[in-house]
Amino acid sequence: MIEGLLEKVRSQKPLVHHITNIVTVNDCANVTLAIGALPVMAHALEEVEDMVSAASSLVLNIGTLTPKQVEAMIKAGKKANELGVPVVLDPVGAGATPLRTESARRILKEVKVSVVKGNSAEIGVLAGAGGEIRGVEAVGSSENLLTAAKKMAKGLGSTVVISGVKDIVTDGDRVAYVDNGHRWMGTITGAGCMLASVIGSFCGVERDCFKASIAALVAFGLAGELAAERPEVRGPASFKVCFFDELYNLTEEKIRAGMKYSLA
Amino acid sequence: MIEGLLEKVRSQKPLVHHITNIVTVNDCANVTLAIGALPVMAHALEEVEDMVSAASSLVLNIGTLTPKQVEAMIKAGKKANELGVPVVLDPVGAGATPLRTESARRILKEVKVSVVKGNSAEIGVLAGAGGEIRGVEAVGSSENLLTAAKKMAKGLGSTVVISGVKDIVTDGDRVAYVDNGHRWMGTITGAGCMLASVIGSFCGVERDCFKASIAALVAFGLAGELAAERPEVRGPASFKVCFFDELYNLTEEKIRAGMKYSLA
Amino acid sequence: MIEGLLEKVRSQKPLVHHITNIVTVNDCANVTLAIGALPVMAHALEEVEDMVSAASSLVLNIGTLTPKQVEAMIKAGKKANELGVPVVLDPVGAGATPLRTESARRILKEVKVSVVKGNSAEIGVLAGAGGEIRGVEAVGSSENLLTAAKKMAKGLGSTVVISGVKDIVTDGDRVAYVDNGHRWMGTITGAGCMLASVIGSFCGVERDCFKASIAALVAFGLAGELAAERPEVRGPASFKVCFFDELYNLTEEKIRAGMKYSLA
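Residues numbered from 1 in each chain as written. Chains lettered and ligands numbered in written order. Predicted model: local features only at pLDDT ≥ 70, side-chain atom pairs only at ≥ 80, totals over all residues. Heavy atoms only, no water.

**Some remarks on the relation of the copies chain B and chain A**
Thought 1: Structural alignment of chain B on chain A gives an RMSD of 0.0 Å, achieved by rotating through 120° and translating 0.0 Å along the axis. Here the two chains are linked by the operation of a three-fold rotation axis. Relative to the rotation axis, the closest C-alpha in chain B is found at Ile22(B), a distance of 3.7 Å.
Thought 2: Comparing contact sets, just 7% of the residues at the interface of chain B also lie at the interface in chain A, consistent with a heterologous contact between different surfaces. (Least-squares fit on C-alpha atoms with pLDDT ≥ 70 in both. Contact = heavy atoms within 4.5 Å.)

Structure representation (structure tokens):
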């Protein structure tokens, strides 16, 4: 199902327009390059429409949002919709403050989003299933999460991705689980943001965003596993170096050998 | 005096709300994770009160300040004061421009700050003892610095931390010196910012901020020393990787064995 | 021609004031430190004039520009002109959106810029020779580029630097080619931004910006070559660590042995 998608990213080099947070923006750019796509970051209201017009996908991340930045996201998102450019939303910290929850909801209302990617608390809150969040980290989630996520995906016409030890992907009809990944990934800031960039990279070459999301989760998680095996890893920072390197060194062959996903 | 505090950070995982600069924000987040706390960065006026309400401490850093950001700092700081959440101020570049000096003074006037952490020039300027700064780096300081810092601490009811080869900590009555640290730490940008994040992490679990600051300085400096011993270190960037790893790998035992501080 | 300039940077430690993008700002600060200069980042309209007054050079980078940031750049740039502080402009993404093209042109009109540094598309667009850009990456350029760049340099009274596999430097009369560099440098985000910081560092100690630019290109490219030889390099992230380390470890001797430039 995901065969050949990595090669497609590398040959087509899709331009992934990000409007994202100030914390992990450099990592998002580097992860996009490492997977084989081309990142561009642009958030000025005066240029987001122009920039997204040249892009193959748009990634919106509210990690350090301001109302003005949300305006730019909606402007870019509407233009993306007009042009058929897929939009990925990472609702960082939805549930942590009203500004975050309301902004995520507003974006979902005004922009047709292709993929919503969050942790269990973020998706739980947006899907109406509840969830507990501290800052931007999920600390509790609902047992009804899958049901709520399927309903949310159906309602939005989107793919919903819930990242976690076992990632869940659903477009309302189909459901997939991805088991790739490693606990080291939770020791660095912004793993979730970087995942959204990789999802954006795959959505830039594969318009079935359910498929693209699975491919991204597999590639991202597998790079984490391969990095964790490296003898250089002595802590989060050396892991991070290896992780970026392994993403860059991924091949279709490694993916075939290491992918762990199942369709429900 | 500082025994057990690192374990407390790791078991309680305090949420450390940062309003900080765009240069070192990623490092601040990663250093907070490495020491065992949970970082969150949020600067929108519309959410800072909500975010700090969930936090165990608040770190304010004026490294790339704007007047609007200072408003957000004061709003968050006042809310923190209301809730008894300790506030750490890093007055980056105070003395370098009037905006920085005046903003630092304004924050100290309007917000009850638990810890002010700066280099000798920054503290010298704010304590009225003079000091010379180039950009954000101290190039000269007063001999009367300790006296002025003690007076400043007394007046503010705060702990004052002067980072340097020998760090000074005072709450106006007590004075401590910390000798942990390594010259490599001066070769990377943002060591001071990261230190403030670590102080914020310890203040999140220990309300005697004099103690918390000593613990932070010891942990931070010791990680630097341990990193400097690593054979992987060939320059500032490999040192930085090792430094983050060593912070993550710190234990109470290593701290007992390596701490170098004295009470005056 | 470039002999002794690295040592001059290291002994004088010029303060390099940056107004730059949120993506690579940390790397720009670290690269400035690694080459031996002192970085400071400050973009508030209320302080840019004060900050640039203490600086030895000013680096303007429009990678994530906003109209307000461009105002700050122009304000800082005019003050720099008044004081004789050299200004380096990195017109990131000129040609990609009207906002970028127009802002770059406006800065060039209102500020006397000492060095304009861009890729072939950015310079092509600004020099009126055409050029194709995707996001911020050059994908096509004109054959008339050198002629146009010379004319542009002459018209502006600036040095124009076109970075690429073979870098071109011209002040309208003189032309130089620099062959130092390595393909790994294209696998990390922000190599161009970092180059501008290094050019700014050299312009801080050598007012012949044609010379300073050649010295910067040689040092930057040579550090890339030396890093690429390191056995630790397994991908872009480990390369980046080595690259920063090698910049820090550069010596006049290594430069004499490894420099590859020619005057046309």
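On we go.
**With respect to the sheet that holds strand E9 (residues 167–170) of chain C**
All names here are of chain C.
Thought 1: Strand order in the open sheet made by the nine strands is E2-E1-E3-E4-E5-E8-E9-E10-E11, with mixed pairing throughout. Two strands in the sheet have a free side with no partner beyond their single neighbour: strand E2 (38–41) and strand E11 (261–263). Pairwise comparison of adjacent strand axes, ignoring direction, gives a mean angle of 20° for this sheet.
Thought 2: Two strands pair when backbone bridges link them, and strand E8 (residues 159–163) and E9 are joined in this way by three bridges, in the antiparallel orientation. Counterpart to valine 161 in the pairing with E9 is valine 169. (Pairing = 2+ DSSP bridges. Helix = DSSP H or I, 4+ residues; strand = E, 2+ residues; numbered from the N terminus. Axes fitted to C-alpha atoms, helices over the stretch in contact; angles between N-to-C directions.)

**With respect to the interface of chain C and chain A**
Thought 1: Contacts between the two partners involve 30 residues from chain C and, on the opposite side, 28 residues from chain A.
Thought 2: Approximately 2400 Å² of surface area, both sides summed, lies buried where chain C meets chain A, with 59% of it carried by carbon and sulfur atoms.
Thought 3: The largest per-residue losses of area from chain C upon contact with chain A belong to Ile22(C), Arg134(C) and Arg234(C), which jointly make up 28% of the total buried on that side.
Thought 4: The interface formed by chain C and chain A holds two salt bridges in total.
Thought 5: For Glu47(A), the salt bridge is made with Arg100(C), and the minimal N-O distance between the two is 2.8 Å.
Thought 6: Applying the counting rule to chain C against chain A returns twelve residue pairs in polar contact (both at pLDDT 80 or more).
Thought 7: Put simply, the parts of the chain that give the side of chain C that touches chain A at least two residues each are helix H5 (98–110) and helix H10 (236–249) of chain C.
Thought 8: In terms of residues, the side of chain C that touches chain A owes the most to one element, H10(C), which gives five residues.
Thought 9: Considered class by class, the residues forming the side of chain C that touches chain A number 13 nonpolar, ten polar and seven charged. (Buried area = accessible area lost by both parts, 1.4 Å probe. Salt bridge = Lys/Arg side-chain N within 4 Å of Asp/Glu carboxyl O. Polar contact = N/O pair within 3.5 Å; in protein donor to acceptor, adjacent residues only side chain to side chain. Nonpolar A, V, L, I, M, F, W, Y, C, P; charged D, E, K, R; others polar.)

**Section: the packing of aromatic side chains**
Residue and element names in this part refer to chain B.
Thought 1: For the structure shown, the criterion picks out 15 aromatic pairs over all chains.
Thought 2: Here the aromatic rings of tryptophan 184 and phenylalanine 239 are separated by 6.0 Å at their centres, their planes lie at 20°, and the arrangement is stacked. One end of the pair, tryptophan 184, is in the loop between strand E10 (175–178) and helix H8 (191–203); the other, phenylalanine 239, is in helix H10 (residues 236–249), with 55 residues separating them in the sequence.
Thought 3: Since its relative accessible area comes to 10%, tryptophan 184 is described here as buried.
Thought 4: Ring centres of phenylalanine 243 and phenylalanine 244 lie 6.1 Å apart, and the angle between their planes is 80°; on these two criteria the pair is classed as edge-to-face. As far as burial versus exposure is concerned, phenylalanine 243 and phenylalanine 244 are alike and both buried.
Thought 5: Lying across the ring of tryptophan 184, arginine 183 places its NZ or CZ 5.0 Å from the centre. (Phe/Tyr/Trp six-rings, centres within 6.5 Å; stacked < 30°, edge-to-face > 60°. Buried < 20%, exposed > 50% of the residue type's maximum accessible area, 1.4 Å probe, protein only. Lys NZ or Arg CZ within 6 Å of the ring centre and 35° of its normal.)

**A closer look at the environment of Leu108(A)**
All names here are of chain A.
Thought 1: Position of leucine 108 relative to the elements: it lies in helix H5 (residues 98–110).
Thought 2: Residues leucine 108 and valine 241, 133 residues apart in the sequence, show an inter-C-alpha distance of 34 Å.
Thought 3: Excluding residues that lie within four positions of it along the chain, leucine 108 makes contacts with Leu89, Val113, Val116, Leu126, Met152 and Leu156.

**Overview of the relation of the copies chain C and chain A**
Thought 1: Once chain C is rotated about the relating axis by 120° and shifted along it by 0.0 Å, it coincides with chain A to within an RMSD of 0.0 Å.
Thought 2: A different interface surface on each copy is seen, since only 7% of the contact residues of chain C are contact residues in chain A too.

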